[in-house]
Structures are given as C-alpha cells and as structure tokens.
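Chain by chain, the residues run as shown.
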2 protein chains.
Amino acid sequence: MLKATAEARGKGADLIVFGELATTGYPPRDFLEFRDFIRLAEESVDALREASTGIGIIVGSPTINPLPEGKDLYNSAYLLYNQETLHLQHKALLPTYDVFDEYRYFEPAKKYSTVLFKGKRIALTICEDLWNVGNENPLYTVCPMDKMMPDHPDFIVNVSASPFDYNHAAERLEVLKANVDKYQIPMFYSNICGAQTELIFDGGSMVLSPDGSVYDELPYFKEELRYYQLEDVIKGGYHREQPKEKIPLIHDALIMGLQDYFGKLGLKKAILGLSGGIDSAVTAVMATRALGKENVRVVLMPSAYSSSHSVDDAKALAENLGIRYDIIPISAPYDAFNTLLKDVMEGKPFDVTEENIQARCRAIILMAISNKHGNILLNTTNKSEMAVGYGTLYGDLAGGLSVLADIYKTDIYLLADYINKDQQVIPENSINKPPSAELRPGQKDSDSLPEYHILDPILYMYIEKRLGPQEIIDMGYDEKLVRRILKLVNTSEFKRHQTAPVLRVSTKAFGVGRRMPIVGKYLS
Amino acid sequence: MLKATAEARGKGADLIVFGELATTGYPPRDFLEFRDFIRLAEESVDALREASTGIGIIVGSPTINPLPEGKDLYNSAYLLYNQETLHLQHKALLPTYDVFDEYRYFEPAKKYSTVLFKGKRIALTICEDLWNVGNENPLYTVCPMDKMMPDHPDFIVNVSASPFDYNHAAERLEVLKANVDKYQIPMFYSNICGAQTELIFDGGSMVLSPDGSVYDELPYFKEELRYYQLEDVIKGGYHREQPKEKIPLIHDALIMGLQDYFGKLGLKKAILGLSGGIDSAVTAVMATRALGKENVRVVLMPSAYSSSHSVDDAKALAENLGIRYDIIPISAPYDAFNTLLKDVMEGKPFDVTEENIQARCRAIILMAISNKHGNILLNTTNKSEMAVGYGTLYGDLAGGLSVLADIYKTDIYLLADYINKDQQVIPENSINKPPSAELRPGQKDSDSLPEYHILDPILYMYIEKRLGPQEIIDMGYDEKLVRRILKLVNTSEFKRHQTAPVLRVSTKAFGVGRRMPIVGKYLS
C-alpha cells in the first residue's frame, strides 16, 4: 500500500482507495481476538498516515471500540491525509452468513457521517453497507446511505472484501447499480484481490457514473492501480465491463486460489496422484498453469484393478504438460496389509474395506514424497463425490488443498473442454470414458451413484438452494432417489469435517460457509 | 418432551419448562436455513401445544420472522397452554463468539413483554438474555430484563442451551446470581442436557430464591424432572449445589460426549490403537466407561522402535478393562513402503517421512478393522500435541472423534490419577514413563518439545487467554521459546483443519470455537 501510494502521488492523484480490512487481510478470523494483532494493524495505519502527505488514503482496518458496551472492535475505514486521520467511518451492516462471521468480532456502527475532502463531500461506506438496497428480502433493518444522503455527498466510496463465486460479479454489479440508481451520485468501489485459504477475492473494482452505467471495471484476479478524473466519471459515456462467463471465471479463480495458497505459505511445489481420470487430469492442468511445470509432479499408482489405458492416459497427460511423473504400483503394501489383517478380517468378503486400503496406500505414497521433498499434496475430489461421501478418508480425500471440490462433475467436463479449447491437453480418453474409482474389478461410479447429470441438479437444489426433499421431489425427481441422495449428503458430514480447505467458486461451498451438525438426525 | 409433560401433568404441575431450541437440538447450525427443517420444528411445537391441556409448557424453538427486513428467523420461547400459544418471546442477545453463531441465523428481539399465567407474571428470557448483567465489559448494548421489570414480573424463567466447560458451572452460577441480586425475584433456569458432536451440554438447571441463594441445582450430565412450589422457592432457606471440581467434571463430560456421539449416530462400537502410553490408556478407559467393555476393542501395533514394556503396559490395561485386544506389528507394510519408495526418496536420510509412514500404517490397520466391523476409530491426541502439531495427519491424528484433544498433557496426568483413585486401572508405568512417540530409536517428546509443565502454561496463555507473544514473555517466559511455540501453533493450523471433532471441555477448544486462517502470516 505504501508503494502504491507513492506511485499515485507521483501521478498527481488526490485520493487513493484500498480495500476492506486491507491492513490485516480478509478475513483475519480469530486473529482479531488478539490485542497484539490489532496493535500490528494500527501500526500499519500509522505508517500509511505518515505517508499521506498531499494525498488522501482510504483504507480499511479494525479499530477498537472505546466504549465498554458492545463488541470490542469496529470494522472501519480511515481517510488519512497530511499525517492526520481526517475521517473514520465504522461498518454498519455486518455480514454474518455463509463464509462471513463479522458480528463475531465487530460492533455495528450506529453513527454515519460524510467527510469533506478537497472541496468534495464523500460518503464512505464499507462493503455490505451498500448491500441492503434493491433486495426484496433485506437482511438488515437499516441502510447507511439513507442516513448519509441528507449531507448531499458528491460521491460514494466503498471499500470491499467481497469473495468470488461464479455468479458474484453479476450480482455485485446489480447491487452497485441499484445504489447509484437510488442515490444518483457516482461511486468508486474498491474490492480486494487475492486468495486467502479457501476464499478467492477477485478484485473487479468498479467506477460507476451517476446515470448507473459502469464507467470502468478493473480486471478480475489481478491487482491494478487505475486513475480517474471525477468530472469525467460524472460526465459518463465511457463504458468498460469485464466478461463474466462461468467456466473461464472458474478457471482463472482456481489459478489465483492455487497461487496464493502456495505463495502465502511460502511453498512452491505440488504433488498429486494421477489416475487417468478427468478429475486428477484437470487438477494437474490447473496446478501446472498456476505453479509452473517445474513445480508439479505426479504419481501414477496402478493396482490390480486399474485398467491398462489408465496408466497410458495419465502418462500422456503428464507428457503433454511436461511435468515429472513416477509410476509406483501399490500391490506390495496392499498385499502386505491383506496378509497382516487376514485374521482380524474374520473371513468376511471383499468390501469397501479393501477399496479403502488401496486408496490409503496411495495416500501414504503421496504423503511420503510430500514429506521428503516438500511438495503440498493436492486433493482432486470433485463436488459431486464430496457431497455424497464417495471417497476414502485418509485416502483419496487427503491433501493440503482441494482444487475441484466446489465444482460438480458435470461442470468438470466443461472445464476440461475449456482447457482443451486451443489444443488437446487432457487426453480425449480421460474425458470420455465412464468415471470409475477402479478399486474393484469392472467398477464404475454409476454402480453406486446415479448418472451425474441426474445427481448434480439434485445436489445443487439441496446444497446451493437449500431446498428440502419434498420441494425437490415436487420438481419431478424420483422420491426414493432424492431421499437416498440427501441422506448420503448428511451422513457423510463426518468425512467433510476432516478434509482439506476447498477453493470456493460457487455460492455454497463445502467448508467455512456450510456448517452442519455431524450427529444431526435431519434427513439422515 | 411429550412424555415429560404427561408425567408432570400427572403430578399436578402447573408449568413445565424445557430448554432453548429444544425442538431442534442445539445448535442446529445450517439446518436452520432449510424451510423444511423449520416446518418440522413447528410440527413439534404443534404437538406440544396439543398436549398442553391444563399445564403450561415453556419450550424453545425457532420461529419465522414475519417481516421482510432482518434475518428470516427468531430464536424464540413459547408458553403453550390449553391448546393455545399464550406467549411468544424472541431472544434479544444473540451469542456470536467462540462456538456460537446465532446472528448467522436469527434477528434479535426488539420487543420484550411479560406474560400473566395462572395469576403470576412471568419474565420469559432465553439463555444469553441474562448474560449482560454483572459484566465489566458487556457484549451488548441492551438488557432485556431491564425492559421487562416495569411489568413487575413475579419470577424469571430462562430457557438455555449453555455448553459445558470446566469453568462454566461456576461462571453460570455467578451470572444467574447477579440477575437475581439485581431484580430481586426468583428464577427458574432450565438448561439442556446432552452432547451434540463436540459440544457437551451439562444440564445443571437451577432454581434461585429472591435472596440470590441457590434453592436447587440439578445434577450435571443427566436428564431429570424436578418439581418446585413457587412459595417455597420465594421463602428460600433450602440450598443444594452440585460439586464443581475440574477433573471429575471433565471425566463425566467425556463420558456423556462419547455416549451421545455414538448414540446419536446410531453406533455402538469403538476401536483405538493402544501404544502403552498415557493418552491412549486414558482414552481406552473413557471409552470403556462410556460404551461398555463389550463395545471397545484395541489394537497394539508395535514397530521396531517400540519398547518392550509398551506392549506389556498396553496388554495390562486391556486386561484390567476386560476389552478385546489384538497385536498387529506394522513391520511388513512399513518395510513394503520403504522398499517401494526407495528410488523416489533419492537416498535422503531417515526423517519425519519415515515416522509418518509408521503412524499411517497404523491408521490403515485401525481403519480397516473399523470399516470391516463397524467400529468408530477414537483419536487419542491430547491438546498439547494438537496445539503444536506433534502428530501425523492421516496417521495418529485420524479418528472419528477426538476424546482428549481439549485437555493439556499436564491435565491428562491428573485425569489418569482420578481414574486410578479407587484401584489401579491404568498401569503405573504408562503414567510414569517419559512420553514418547516411539517412531525412532530412543525418541522422547522432550527431544522436540519443551517439558509439558513449561509448554502447557504458554499454550494456555496463547489459546485460552489470547495473549500475544510479548505479553507472555513479560510473564517471565523465555522469548525464543515463546516465539517458537506460538509459531508451531500457527503453522500447524492446516493439520487441525483436517482432524476429528474434539470433545470440548475448556473455554477455548480446537474446532468450531476457534477459527484461524491457515495461510495467515501472524506469528508464523
């Protein structure tokens, strides 16, 4: 922020705007409960204030509530100028749903005021403060801009930390437009950019003219500094929006999610198991595009139940990508376990136990290479499997980061096609063959699950739309199937409790935004 | 509740009081976002209303906010009587901290009224509504009882879902007394009893006389129905409190936590690995006391690095408990992996990789028996290890439920002594020998960690008290050690993200009540 401020000052900017909680990153989560952490945030604000000679700096940071009553902190935005705090506005509307926990930490603002800066009056708002406009079912009973309008502000500034999902850019645009349509003044909307564990912040900062048109929208998944003249924005007539297609957005979001997960942990190298199927193939491509081919290695671990083409398809992909691959068959340790466990298995027939042993032998191999050489294991599970618990805990559900587990299988195919759009990266065969875990002879996913084009819409209605069984049945789906699937989702909650963070690209991802009781009786 | 109501009516009770959200269980978490789930809760209230002939029933349940503004639900308490809803009060103070997420779902009440029932005026409150009294740093800016007192209520009823920690009973008593001292009327406080995944609700419902004395306190960890005459309570002079000693409370809480985790999943049988050390020994005892010796089996899995007495100590414990044990050495699969991985290990020396392979071989064995015979694997990690990441992901950190991971090692010793108080259950040697993971020759915990009597207080200050490094150093601890330990805690966040739910017995447990960024830079 200091560097950007210096650059902006050099270009003669009057005002530079950063994002919500930009001093700490978003969300800081329970770090906010440490006074020591808040002190560090305050030191960052102090440094920016020192750097504010001749240029106004708007920046989000937590501040301490001076009153004993209420939560100890506010989620605030500063306007710093000429070594002083010209204005401090707290956030009023505190998102506490899905991935958001703001009322866990912050007291809502009850006072709203505007600020005069270089002859212009600014209505300074923080993210959600603008989101109670244009909804039929508003979450809050107050609307901060309504309170500020009597001051006749010249423009709105909003500092945001609004995470990506494949619908979000369009939804955000609608909300911002609804505000400008209502208040008829221009808006400068600044959203943070970068991924934090599972949350991907896409940037896409925007400037809107008072007529509600988008004067400019900054690129997604990229930090950038752009300059605007207020008079030009007011005049309007210029219009630039970013494309908002679902699959390309997901593709780019995953790359940023991967890069920032590794980057913020200070690590570079990934490893994953390549089965010859589509999920691990797509994961390998995304990892290679995010981290570079020199930083990705894969392991092919055939068993007696692997088809011959699986190894060939996996090899072909690795060669297309130019990444290192090793072939390590799992029969030796698998046989060793079977021999060792013969007595305690009490002669019971081959079942999911033996399937799981295979998957877990593979996890041991991958984790051993990970431990010895410092690669993070990437998990390759998709959202359909993750939803119904079709995966082995401590086996194929292992990994430090789950790349695809917020993408239904039917969308994985679209993503594979998008990857292959210019040239064949993923072998045709990996895309076209019937999905199989290859853990017993001739096994196919469709032996235990309905076809994905039937499964996925039911899961979507239950997970994203929170519809109950009867509502889904009423849409024309088979009752027995619906009840079986929802039961599978609910009884596999214990597995999802123990899996890696999932890069979030949908409106309802497994992880911090979906909180379910493990021992709940509902639909289980 | 129908059964209890019938019993109470039979005994001539005027009023029966249940707990907060008693129709759904607490916390229902995101089930609350399903209209279908709310409908089921409403059906339960309907059934109770039908059963309210001649007896008032106070029960907590979610209700729908009729206004479009604000959250869609209230956290409410009904007074049902003679097939009607006599009164409906919503909760005003919504705990949203630690394990609580209430503002995620509920709109806070803004209206408060009392209700006349059989000639007496009742101030009906819900859990946290009473918790803003007697605090120097109140979390809320309103106090519902202050608003109700102008009605001159005859007594307070509070329906609660207040989870156990080893300090909680004393703290709860203080808060309730502060209310009675302030308002000078008697109180009937009803708390739910039973465990939900990681949260243990201890009951301990209470009746307080207007002079602030405890008229009666119901047992902890046990559902019970007791009867009181209002005049007797007002008169006072009777006094019964439950004992509140830390280690016995933890012991009993773990038993209820285990029983309800298994019971609510509809499962009976547990399995765990027994190392000969104190943690797995204590876990085996708790499991046996909770589930019965016929439902617990253990596996001893020595390696080349296990000491001879480890197997003997583990055997002795299993025999003391009368539980089945199997001895399955891990050398065959461990050797198979080492041979298989020889090339990809590239001649690098023995390190944590090989330690982890051993721990993961054990997990495969335990999970195989678990899968084949339907036992839930119990995790035996303690809080000190869990804090610093001293454990193998998909190895000894595996399991469906973590029994001891909210108890520091120094308290595990006290718990072992308490278990042995009447007769020697856990062999002396398991308690007295220096802690060791036995994953390399002559290994001891103290090779890589400070002694637990030094480690645990630092962890407590950081985790439970949320003190920063400087504050802990200022208490007299070595700076280098403090920084090293806090770094270990923060950089092992990724491991805790993938572990089983932890039975919560302290004020700050790993799990739903402690939310940390995995890629955070703070102290890492």
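Residues numbered from 1 in each chain as written. Chains lettered and ligands numbered in written order. Predicted model: local features only at pLDDT ≥ 70, side-chain atom pairs only at ≥ 80, totals over all residues. Heavy atoms only, no water.

Caption draft 1: Just the overall build of chain A, in detail. Per the secondary structure count, chain A includes 18 helices and 17 strands. Against the 2.2 N^0.38 benchmark of 24 Å for 524 residues, chain A shows a C-alpha radius of gyration of 26 Å, consistent with a compact globule. Its C-alpha atoms put chain A at 80 × 50 × 50 Å along the principal axes. Counting every position in chain A, which comprises 524 residues, the buried fraction comes to 64%. On chain A, roughly 19200 Å² of surface is accessible, and the fraction owed to carbon and sulfur atoms is 51%. (Helix = DSSP H or I, 4+ residues; strand = E, 2+ residues; numbered from the N terminus. Rg over C-alpha atoms; globule rule 2.2 N^0.38 Å. Buried < 20%, exposed > 50% of the residue type's maximum accessible area, 1.4 Å probe, protein only. Areas by Shrake-Rupley, 256 points an atom, 1.4 Å probe, with all protein chains shown as cover.)

Caption draft 2: Here's a closer look at the relation of the copies chain B and chain A. Once chain B has been moved 0.0 Å along the axis and rotated by 180°, it coincides with chain A to within an RMSD of 0.0 Å. A rotation of that kind, with that shift, is consistent with a two-fold axis. Measuring from the rotation axis to each C-alpha of chain B, the shortest distance belongs to B:Gln498, at 2.0 Å. Same-surface contact between copies: 99% of interface residues of chain B are shared with the interface of chain A. (Least-squares fit on C-alpha atoms with pLDDT ≥ 70 in both. Contact = heavy atoms within 4.5 Å.)

Caption draft 3: Here's a closer look at the sheet that holds strand β17 (residues 401–402) of chain B. All names here are of chain B. Read from one edge of the open sheet, five strands run β15-β14-β13-β16-β17, paired in parallel fashion. At either end of the open sheet lies a strand with only one pairing partner, and these are β15 (324–327) and β17. Across four bridges, the pairing between strand β13 (residues 270–273) and strand β14 (residues 296–300) is parallel. Across the sheet, residue Leu272 finds its bridge partner in β14, namely Val298. Packed on one face of the sheet, helix α6 (residues 246–265) meets β13, β16 (376–379) and β17 and runs near 155° to β16. (Pairing = 2+ DSSP bridges. Axes fitted to C-alpha atoms, helices over the stretch in contact; angles between N-to-C directions.)

Caption draft 4: Summary view of the packing of helix α7 (residues 278–291) of chain B against helix α12 (residues 409–419) of chain B. Residue and element names in this part refer to chain B. At a minimum axis separation of 10 Å, α7 and α12 run at an interaxial angle of 50°. The angle between α7 and α12 falls in the class oblique. In this structure, α7 crosses over α12, and the sense of that crossing is left-handed. In this structure, α7 uses Ile278, Asp279, Val282, Val285, Met286 and Arg289 to contact α12, whose residues at the interface are Lys409, Ile412, Tyr413, Leu415, Ala416 and Ile419. (Parallel < 35°, antiparallel > 145°, perpendicular 65-115°, else oblique. Left-handed = near helix turned anticlockwise from the far one by under 90°.)

Caption draft 5: Helix α8 (residues 308–321) of chain B, seen in detail. Residue and element names in this part refer to chain B. In a regular helix each residue adds 1.5 Å, so 14 residues correspond to 20 Å; α8 covers 21 Å between its end C-alpha atoms and thus fits that length. Within α8, the full set of buried residues consists of Ser310, Val311, Asp313, Ala314, Leu317, Ala318 and Leu321. All buried residues of α8 project into a common sector of 165° when viewed along the axis, lining one side. Seen from the buried face of α8, the exposed residues on the opposite side, beyond 90 degrees, are Ser308 and Glu319. Looking at the buried positions of α8, the neighbouring elements they touch are α7, β14, β15 and α13 (428–432). Positive phi shows up at Gly322, right after α8, with a value of about 70°. (Expected span 1.5 Å × (residues − 1). Arc of directions from axis to C-beta.)

Caption draft 6: Seen up close, the packing of helix α9 (residues 331–341) of chain B against helix α10 (residues 352–373) of chain B. All names here are of chain B. Across the interface, α9 lies against α10 with an axial gap of 9 Å and an inter-helix angle of 135°. As the angle between them shows, α9 and α10 are arranged oblique. Of the two elements, α9 crosses α10, and the hand of that crossing is right-handed. The residues of α10 that touch α9, namely those facing Pro333, Tyr334, Phe337, Asn338 and Leu341, are Glu354, Ile357, Gln358 and Cys361. Across the contact of α9 with α10, the residue classes break down as six nonpolar, two polar and one charged. (Nonpolar A, V, L, I, M, F, W, Y, C, P; charged D, E, K, R; others polar.)

Caption draft 7: Structural detail: the interface of chain B and chain A. In this complex, chain B contributes 97 residues to the contact, which on the side of chain A involves 96 residues. Each partner contributes to the roughly 8600 Å² buried at the junction of chain B and chain A, and carbon and sulfur atoms together form 62% of this total. Our count for the chain B to chain A interface comes out at 10 salt bridges. A salt bridge links A:Arg466 to B:Glu33; its shortest N-O distance comes to 2.8 Å. (Buried area = accessible area lost by both parts, 1.4 Å probe. Salt bridge = Lys/Arg side-chain N within 4 Å of Asp/Glu carboxyl O.)

Caption draft 8: Geometry of the side chain of B:Gln443. Within the element layout of this structure, B:Gln443 appears in the loop between α13 and α14 (445–448). Aside from chain neighbours lying at most four places away, what touches B:Gln443 is B:Glu355, B:Tyr390, B:Ser436, B:Ala437 and B:Glu438.

Caption draft 9: Seen up close, the side chain of A:Arg49. Residues and elements named next belong to chain A. Tracing the sequence through the fold places Arg49 in helix α2 (residues 35–50). For Arg49, a relative accessible area of 17% translates into the label buried. If we skip the residues at most four places from it in the chain, Arg49 touches Tyr78, Leu80, Gln83, Glu84 and Thr85.

Caption draft 10: View of the pattern of salt bridges. One pass over the full model with this rule turns up 76 salt bridges over all chains. Across the salt bridge formed by B:Lys91 and B:Glu20, the nearest N and O atoms sit 2.6 Å from each other. Of this pair, B:Lys91 sits in the loop between β4 (84–90) and β5 (115–117) while B:Glu20 sits in the loop between β1 (15–17) and α2 (35–50), and the two are 71 residues apart along the sequence. Overall, B:Lys91 belongs to the buried group, its relative accessible area being 0%. Classification of B:Glu20 by relative accessible area gives buried; the value is 1%. Linking B:Glu493 and B:Arg514 is a salt bridge whose minimum nitrogen-to-oxygen distance equals 3.5 Å. A residue pair is termed long-range when its members are at least 10 positions apart, and B:Glu493 in helix α18 (residues 493–496) and B:Arg514 in the segment after α18 qualify at 21 residues. Through salt bridges that share partners, A:Asp216, A:Lys222, A:Glu224, A:Arg226 and A:Arg240 make up one connected network.

Caption draft 11: Structural detail: the packing of aromatic side chains. Summed over the entire model, instances satisfying the criterion amount to 37 aromatic pairs over all chains. On the basis of an interplanar angle of 80° and a centroid distance of 5.9 Å, the ring pair of A:Tyr305 and A:Phe350 is categorised as edge-to-face. Of this pair, A:Tyr305 sits in the loop between β14 (296–300) and α8 (308–321) while A:Phe350 sits in the loop between α9 (331–341) and α10 (352–373); the two residues are 45 residues apart in sequence, bridging distant segments of the chain. Taking relative accessible area as the criterion, A:Tyr305 reaches 24% and is therefore assigned partly exposed. Where B:Tyr97 meets B:Phe100, the ring centres are 5.4 Å apart and the plane angle is 75°; that geometry is what we call edge-to-face. Here a set of aromatic residues connected by ring pairs shows up, and it is made of A:Phe31, A:Phe34, A:Phe37, B:Tyr462 and B:Tyr522. In this structure, B:Lys421 is placed above the aromatic ring of B:Tyr418, and the distance from its NZ or CZ to the ring centre is 4.8 Å. (Phe/Tyr/Trp six-rings, centres within 6.5 Å; stacked < 30°, edge-to-face > 60°. Lys NZ or Arg CZ within 6 Å of the ring centre and 35° of its normal.)

Caption draft 12: Quick look at the sheet that holds strand β7 (residues 155–160) of chain A. Residue and element names in this part refer to chain A. With mixed pairing, the six strands of this open sheet are ordered in space as β5-β6-β7-β8-β11-β12. Looking along the sheet, the strands with just one partner apiece sit at the ends: β5 (115–117) and β12 (214–217). Taken over all neighbouring pairs, the strand axes of this sheet differ in orientation by 20° on average, direction set aside. Note: β5 against strand β6 (residues 120–126), three bridges, orientation antiparallel. Among the inter-strand pairings, Phe117 is bridged to a residue of β6, identified as Lys120.

Caption draft 13: Quick peek at the pairing of strand β2 (residues 56–64) of chain A. Residues and elements named next belong to chain A. β2 sits mainly inside the fold: eight of its nine residues count as buried. Summarising the sheet, strand β1 (residues 15–17) and β2 pair through three bridges and their orientation is parallel. Within β2, the residue paired with Val17 across the bridge is Ile58. Looking at chain direction, β2 and strand β3 (residues 73–81) are connected through eight bridges and run antiparallel. From the neighbouring strand, Ile64 faces β3, where its bridge partner is Leu73.

Caption draft 14: Representation of α2(B). A rise of 1.5 Å per residue sets the reference length of α2(B), with its 16 residues, at 22 Å; its end C-alpha atoms lie 22 Å apart and thus fit the reference within 8%. Among the residues making up α2(B), those that are buried are B:Asp36, B:Phe37, B:Ile38, B:Ala41, B:Val45, B:Leu48 and B:Arg49. Contact partners of the buried residues in α2(B): α16 (469–473) of chain A together with α1 (2–10), β2 (56–64), β3 (73–81) and β4 of chain B.

Caption draft 15: Structural detail: the confidence of the model for chain A. Looking at chain A as a whole, its pLDDT mean stands at 97, while 100% of the residues score no less than 70. Interface scoring of the predicted complex returns ipTM 0.96; its pTM is 0.97. (pLDDT = per-residue confidence, 0-100.)

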